[in-house]
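Descriptive structure summary
Residues per chain, in single letters:
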Amino acid sequence: MTQAYQKGHLILDGVSLSVPAGQFLSVIGPSGAGKTTLLRLLNGMNRPASGEVWVEGRRFDDLKGKQRRQVQQQVGMIFQDFCLVEESTCLANVLNGSLCRIPFWRVLLDRFPRMEVERAREALAQVGLADYADKQAGMLSGGQKQRVAIARVLVQQASIILADEPVASLDPGSSQAILELLRQLQEKQQLTVVMNSHNVEQARQYSDRILGLRQGRVFYDGKPEEWTEAQFRDLYRRQE
Ligand SMILES: Nc1ncnc2c1ncn2[C@@H]1O[C@H](COP(=O)(O)OP(=O)(O)OP(=O)(O)O)[C@@H](O)[C@H]1O
Ligand SMILES: [Mg+2]
């Protein structure tokens, strides 16, 4: 697959990868390598300039409208800056994950079905925030905000979590807790996780597989133990 923002200038160049269900894949590589661009192709925010994107056995890049949204529902996103509605409660933020299933009038009237509210509370409990349902999201710490964002993905009932530098704004302790939570969800609920990261150590510790991107191309793709120290170094060497 390729991606270009300007004609003739490829941001992703012949990137081909297949992520088996239930895998924890980390994507690493220098700034500008194309990591975020890759995630945007996987969640349908962008379409590839050439090539195909398949999600759960369906070609996705050329779908439109309802069919496209159905596939997109399978793909949850978490971001470095959490992307929460800070003025709303944690419960309301998590309920946003269920919007794809709820008739528009109910959303307008703020009348979510009781089952969805229950589901949102359960998701908060799952991420260790059972007592935070009525707290304003903006008042939480970064680590807690990222937990709310993960609960939102759980309520979305996505099978794939795309995480763009999910712990880059967090202190080491909170980072570790969030990565452990992601790993635990991946293992217990067979979720697929694709995480962009600048932290090689974390990528090694939590992933089944590490994809190195450099200047829009796959530099190396293998299990953490298959990567050599020299490869990690070379991935980040300055561009001449
Ligand atoms: N909307 C856009 N329009 C034009 N160029 C873009 C756009 N978004 C990204 N780019 C370019 O695409 C390239 C890859 O960017 P991308 O954000 O995917 O890199 P990244 O690997 O995620 O970097 P970082 O580690 O800094 O987040 C960069 O050269 C960037 O300038
Ligand atoms: Mg990025």
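Our subject is the structure listed above.
**So, the site of ligand 1**
Looking at ligand 1, the residues that line it are Y5, I11, P30, S31, G32, A33, G34, K35, T36, T37, E165 and H198. Within the contact set of ligand 1, an oxygen atom lies 2.8 Å away from a backbone nitrogen or oxygen of G32. At a separation of 2.5 Å, an oxygen atom of ligand 1 approaches a polar side-chain atom of T37. For ligand 1, whose unbound accessible area comes to 640 Å², protein coverage reaches 57%. Counted by class, the shell around ligand 1 contains four nonpolar, six polar and two charged residues.

**What to know about the nonpolar core**
I78, V94, L124, V148 and I150 are the most contacted members of the largest nonpolar core, which totals 39 residues. Breaking this core down by element, the ones donating at least two residues are α3 (90-95), α5 (114-126), α6 (142-156), β7 (160-164), α7 (172-189) and β8 (192-196). For this core, the leading source of residues is α6, giving seven residues. Sequence-distant contacts of V94, defined by excluding residues within four places in its chain, comprise A120, A123, L124, V148, A151, R152 and V155. The next biggest cluster of nonpolar side chains, apart from the first, holds 22 residues, and it includes V53, V71, V194 and L211.

Rules behind the numbers
Residues numbered from 1 in each chain as written. Chains lettered and ligands numbered in written order. Predicted model: local features only at pLDDT ≥ 70, side-chain atom pairs only at ≥ 80, totals over all residues. Heavy atoms only, no water. Near = heavy atom within 4 Å. Polar contact = N/O pair within 3.5 Å; in protein donor to acceptor, adjacent residues only side chain to side chain. Areas by Shrake-Rupley, 256 points an atom, 1.4 Å probe, with all protein chains shown as cover. Nonpolar A, V, L, I, M, F, W, Y, C, P; charged D, E, K, R; others polar. Core = buried A, V, L, I, M, F, W, Y, C linked by side-chain atoms within 4.5 Å. Buried < 20%, exposed > 50% of the residue type's maximum accessible area, 1.4 Å probe, protein only. Helix = DSSP H or I, 4+ residues; strand = E, 2+ residues; numbered from the N terminus. Contact = heavy atoms within 4.5 Å.

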